[in-house]
Amino acid sequence: MAGQTPTGGRADAPLVFPLPGQEALADALAQALAADRGELLVRSFPDGESYVRVLSPCSGRDVVLAASLSPPNPLVMPLVFGARGLRELGARRIVLVAPYLAYMRQDTRFQDGEVVTSAVFGDLLSGFVDGLVTVDPHLHRYRSLDQVYRVPSRVVHAAPALARWIAGNVESPLLVGPDSESGQWVSDVARRASAPHVVATKRRLGDREVEVDVPPLDAWHGRQPVVVDDIVSTGRTMVRTVRRLLEAGYPAPVCVGVHAVFAGDAFTALQRSGAAEVVTTNTIHHPSNRIDVLADVAASVTALLADPA
Ligand code: R5P
């Protein structure tokens, strides 16, 4: 049996440091890992530069930096400064827990001159941490996270938790993937929930504009549509899919997303679109969170520290 620290955590558990605004994530991880919370002081100077100070002793300890990267940019400088500070103060290994991993969607050069930001971001963070745990990163053109990050990583798949929620809460569901990128993934959730699925076609016209066409659905009348997607950012993909399903005579769809990014007015727009319910996992803290994946994230942290290969 591992010993306890004076503050009640397991002595062999990593210290969990939240980045600003990530306290709920850090609390959930610390509880699941029976770990102590560490503290970073992060503030901005009047000129906008970041000030970071490590307030908890970390010498010889494994540490977790808890930071779901949405929105990413305000967290990035505190993250790299915090990681460097922890390293200088003797932290043994630094694991970044980013249940939502940003900058994965620009995974190629769609137009001349574009920067493939996923690669640059992966390169940057890999220089500051020793490991990474995330949930369903947007792997479309990359086959695995190892193509982007050069530190060991563990990926938690939300599909089992989504399928359990759908099977337990929706009667006679028909799963709808809004685009071809979601196809393989939605079919996995559908198989686990013992439900049929269809995949729509999406054309992106701009950052906030998409067109979605749903395939003929006559075979599935009487079923409750459940739109499933990985990232809900502007929400336009889901809003369009909901509209198309309503136009096809279906009951108000349930919308299930993994990552509740909800940029700007996205959540309100989706609630007003005619969706019956909007449900997400807790990779990003949000009122729509109904599906827990953080217990699996904590288990992956333990697995990564035990076997970092
Ligand atoms: C696309 O590649 C993703 O899987 C999502 O469909 C997309 O991120 C949704 O974006 P938005 O909510 O802005 O339509």
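Above this text you will find the structure in question.
The structure reproduced in this document is the subject of the present report. Everything numeric in this text was worked out from a predicted model, so none of it was measured.

Cut-off values and rules
Residues numbered from 1 in each chain as written. Predicted model: local features only at pLDDT ≥ 70, side-chain atom pairs only at ≥ 80, totals over all residues. Heavy atoms only, no water. Axes fitted to C-alpha atoms, helices over the stretch in contact; angles between N-to-C directions. Helix = DSSP H or I, 4+ residues; strand = E, 2+ residues; numbered from the N terminus. Parallel < 35°, antiparallel > 145°, perpendicular 65-115°, else oblique. Left-handed = near helix turned anticlockwise from the far one by under 90°. Contact = heavy atoms within 4.5 Å. Nonpolar A, V, L, I, M, F, W, Y, C, P; charged D, E, K, R; others polar. Pairing = 2+ DSSP bridges. 1 Å grid on protein atoms, 1.4 Å probe; cavity = no way out; pocket = protein on both sides within 12 Å on 5 of 7 lines; lining within 4 Å. Points joined across faces, edges and corners; volume = space filled by probe spheres on them. Phe/Tyr/Trp six-rings, centres within 6.5 Å; stacked < 30°, edge-to-face > 60°. Buried < 20%, exposed > 50% of the residue type's maximum accessible area, 1.4 Å probe, protein only. Lys NZ or Arg CZ within 6 Å of the ring centre and 35° of its normal. Salt bridge = Lys/Arg side-chain N within 4 Å of Asp/Glu carboxyl O. Near = heavy atom within 4 Å. Polar contact = N/O pair within 3.5 Å; in protein donor to acceptor, adjacent residues only side chain to side chain. Areas by Shrake-Rupley, 256 points an atom, 1.4 Å probe, with all protein chains shown as cover. Sits in = over half its atoms within 2 Å of the grid points.

Observations regarding the packing of helix α4 (residues 159-169) against helix α5 (residues 183-192)
Look at α4 against α5: their axes get within 8 Å of each other, and the N-to-C directions meet at 50 degrees. By the angle class used here, α4 and α5 are oblique. Where α4 crosses over α5, the two elements pack in a sense that is right-handed. Taking contact as the criterion, the partners of Ala159, Pro160, Leu162, Ala163 and Ile166 in α4 are, on α5, Trp185, Asp188, Val189 and Arg192. Of the residues contributing to the contact of α4 with α5, the split by class is seven nonpolar, no polar and two charged.

Considerations on the sheet that holds strand β7 (residues 153-156)
Reading across from one edge, β1-β4-β5-β6-β7 is the order of the five strands in this open sheet, with parallel pairing throughout. Bordering the open sheet on either side are β1 (15-18) and β7, each of which pairs with just one other strand. In this sheet, adjacent strand axes meet at a mean angle of 20 degrees when their direction is disregarded. Sheet topology places strand β4 (residues 63-66) next to strand β5 (residues 94-97); four bridges connect them, and they run parallel. If you follow Val63 over to β5, its bridge partner there is Ile94.

Some details on empty space enclosed by the protein
As enumerated under the stated definition, the model contains one cavity of 30 Å³ or more in all. Its boundaries defined by the atoms lining it, the largest cavity holds a volume of some 40 Å³. Pro99, Tyr100, Leu101, Met104, Thr134, Val135, Asp136, Pro137, His138, Asp230, Ile231 and His259 are the residues that line the largest cavity. Secondary-structure elements contributing two or more residues to the lining of the largest cavity are β6 (131-135) and β12 (224-231). Taken together, the residues of the lining of the largest cavity break down into seven nonpolar, three polar and two charged.

Some words on the packing of aromatic side chains
Throughout the structure, instances matching the rule amount to three aromatic pairs. An angle of 50 degrees between the planes, with centres 4.7 Å apart, marks the rings of Tyr103 and Phe121 as tilted. Linking Tyr103 in the loop between β5 and α3 (117-126) with Phe121 in helix α3, this pair joins segments that are 18 residues apart in sequence. Take Phe121: its relative accessible area is 6%, and that puts it in the buried class. Positioned above the aromatic ring of Tyr51 is the side chain of Arg43, whose terminal nitrogen or guanidinium carbon lies 4.9 Å from the ring centre.

Brief notes about the pattern of salt bridges
Per the counting criterion, the structure on display carries 13 salt bridges. As a salt-bridge pair, Asp27 and Arg37 come within 2.4 Å of each other at their nearest N and O atoms. Placement of the pair is Asp27 in helix α1 (residues 23-33) and Arg37 in the loop between α1 and β2 (40-44), with a sequence separation of 10 residues. Several salt bridges share partner residues, and in doing so they unite Asp62, Arg92 and Arg93 into one network.

What to know about the site of the ligand
Lining the immediate surroundings of the ligand are 15 residues, of which Glu181, Asp229, Asp230, Thr234 and Thr237 lie closest. Within the contact set of the ligand, an oxygen atom lies 3.4 Å away from a side-chain nitrogen or oxygen of His138. Measuring from an oxygen atom of the ligand, one finds a side-chain N or O atom of Glu181 at 2.7 Å. For the ligand, whose accessible area on its own is 380 Å², the fraction buried by protein is 94%. In this structure, the ligand is accommodated by the largest pocket. Secondary structure elements with two or more residues in the shell around the ligand: β10 (201-206), β12 and α6 (236-247). With three residues, the single largest contributor to the shell around the ligand is β12.

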